[in-house]
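# An overview of the molecular structure
Given next are the chains, with one letter for each unit.
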Amino acid sequence: MLLERLLKPSYRFRIWELEFDSKKFVEGLRRKGIHVAELREDWDVELTVEAFLESTFGEHVYLIKFKDGIKLLARTTDPLTKEFKLKENAYLVRNEGALKKLILSQASTMMKILMGFQPLVIWAPLVFGLQYLDERYPFAGFFLVLLGFFLNDLLKILEYFILGYCRE
């Protein structure tokens, strides 16, 4: 909650994996006035995501994966669930470009591989710096463990400003 207030994200992105029929769910979303688009493997995923983001509005974006293999994008102005539910796949997103990258990383296997390397850019210098500090100051590792929770939030902020998104 404090992280959200500090960062002031433009979008909130959630990934849901549901175990029931997709047709009834889509009908229910459309009845509520929520914008829904299907992501298909045989179409160009990048163009589909761009068209969806340009033609819809709202700060809450959902990628919904069903057990029958159908993937849907949904966008709304109000959250579909309460804040305490389904936090494991929730992201704070800074701008539309980062939102597009994040959706593509979840929809396409090739983009998922490429997006997996981006956090390395942030974590690699940190690991090398910690190794250097540990050699020079033996108690540095102990103090970093004590400050771990603060550093975790600091690294989320760093990821947010470098990559454009971070996990909630």
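Data block above holds the structure.
In this report, the structure presented in the accompanying data block is examined. If you're wondering where the values come from, they're calculated on a predicted model, not measured in any experiment.

Turning next to the nonpolar core. In terms of nonpolar packing, the biggest core is built from 22 residues, with Phe13, Val49, Val93, Leu99 and Ile103 touching the most fellow members. When residues of this core are traced back to their parent elements, those giving at least two are β1 (11–18), β2 (35–39), α3 (45–55), β3 (60–66), β5 (90–93) and α4 (96–107). Of the residues forming this core, the biggest block, six residues, is contributed by α4. What Leu99 contacts, discounting residues up to four positions off in sequence, is Tyr11, Phe13, Leu53, Val61 and Val93.

Summarising burial for strand β4 (residues 71–76): six of the six residues are buried, a large majority. The alternating pattern of β4 places Lys71, Leu73 and Arg75 and Leu72, Ala74 and Thr76 on opposite faces, both of which are buried. Of the strand pairs in this sheet, β2 and β4 are connected by five bridges, and their pairing is antiparallel. Within β4, the residue paired with Glu38 across the bridge is Leu72. Bridge count between β3 and β4: six bridges; the pairing is antiparallel. Directly across from Tyr62, in β4, lies its bridge partner Ala74. In this structure, the hairpin formed by β3 and β4 is closed by a connection of four residues, where Gly69 is found at a positive phi of approximately 90°.

Turning next to the sheet that holds β3. By way of backbone hydrogen bonds, the strands of a sheet pair with one another, either parallel or antiparallel. One open sheet accounts for six strands, arranged β2-β4-β3-β1-β5-β6; its pairing is mixed. Strand pairing shows two members of the sheet lacking a second neighbour, β2 and β6 (165–167), which therefore form its edges. The sheet shows a mean angle of 20° between the axes of neighbouring strands, direction not considered. As defined by bridge partners, β1 adjoins β5 across four bridges and the pair is classed as antiparallel. Opposite Tyr11, over in β5, you have Val93 as the bridge partner. Sitting on the sheet, helix α2 (residues 22–31) touches β1, β2, β3 and β4, and the angle it makes with β3 is about 160°. Contacts between α4 and the sheet are confined to β1, β2, β3, β4, β5 and β6, with β1 contributing the most and set at about 15° to the helix.

A full pass over the atoms with the stated rule returns four salt bridges. Between Lys100 and Glu46 there is a salt bridge, with the nearest N and O atoms lying 3.3 Å from each other. Of this pair, Lys100 sits in helix α4 while Glu46 is found in helix α3, placing the two residues 54 residues apart along the sequence. Taken together, the shared-partner salt bridges in this structure form one network comprising Glu46, Glu50 and Lys100.

Relative to each other, α3 and α4 sit at 140°, their axes nearing to 10 Å. The pairing of α3 with α4 is recorded here as oblique in orientation. Of the two elements, α3 crosses α4, and the hand of that crossing is right-handed. Residues Val45, Glu46, Val49, Glu50, Leu53 and Glu54 of α3 form the contact with α4, whose participating residues are Glu96, Leu99, Lys100, Ile103, Leu104 and Ala107. Considering only residue class, the contact of α3 with α4 consists of seven nonpolar, no polar and five charged.

Scoring rules and cut-offs
Residues numbered from 1 in each chain as written. Predicted model: local features only at pLDDT ≥ 70, side-chain atom pairs only at ≥ 80, totals over all residues. Heavy atoms only, no water. Core = buried A, V, L, I, M, F, W, Y, C linked by side-chain atoms within 4.5 Å. Buried < 20%, exposed > 50% of the residue type's maximum accessible area, 1.4 Å probe, protein only. Helix = DSSP H or I, 4+ residues; strand = E, 2+ residues; numbered from the N terminus. Contact = heavy atoms within 4.5 Å. Pairing = 2+ DSSP bridges. Axes fitted to C-alpha atoms, helices over the stretch in contact; angles between N-to-C directions. Salt bridge = Lys/Arg side-chain N within 4 Å of Asp/Glu carboxyl O. Parallel < 35°, antiparallel > 145°, perpendicular 65-115°, else oblique. Left-handed = near helix turned anticlockwise from the far one by under 90°. Nonpolar A, V, L, I, M, F, W, Y, C, P; charged D, E, K, R; others polar.

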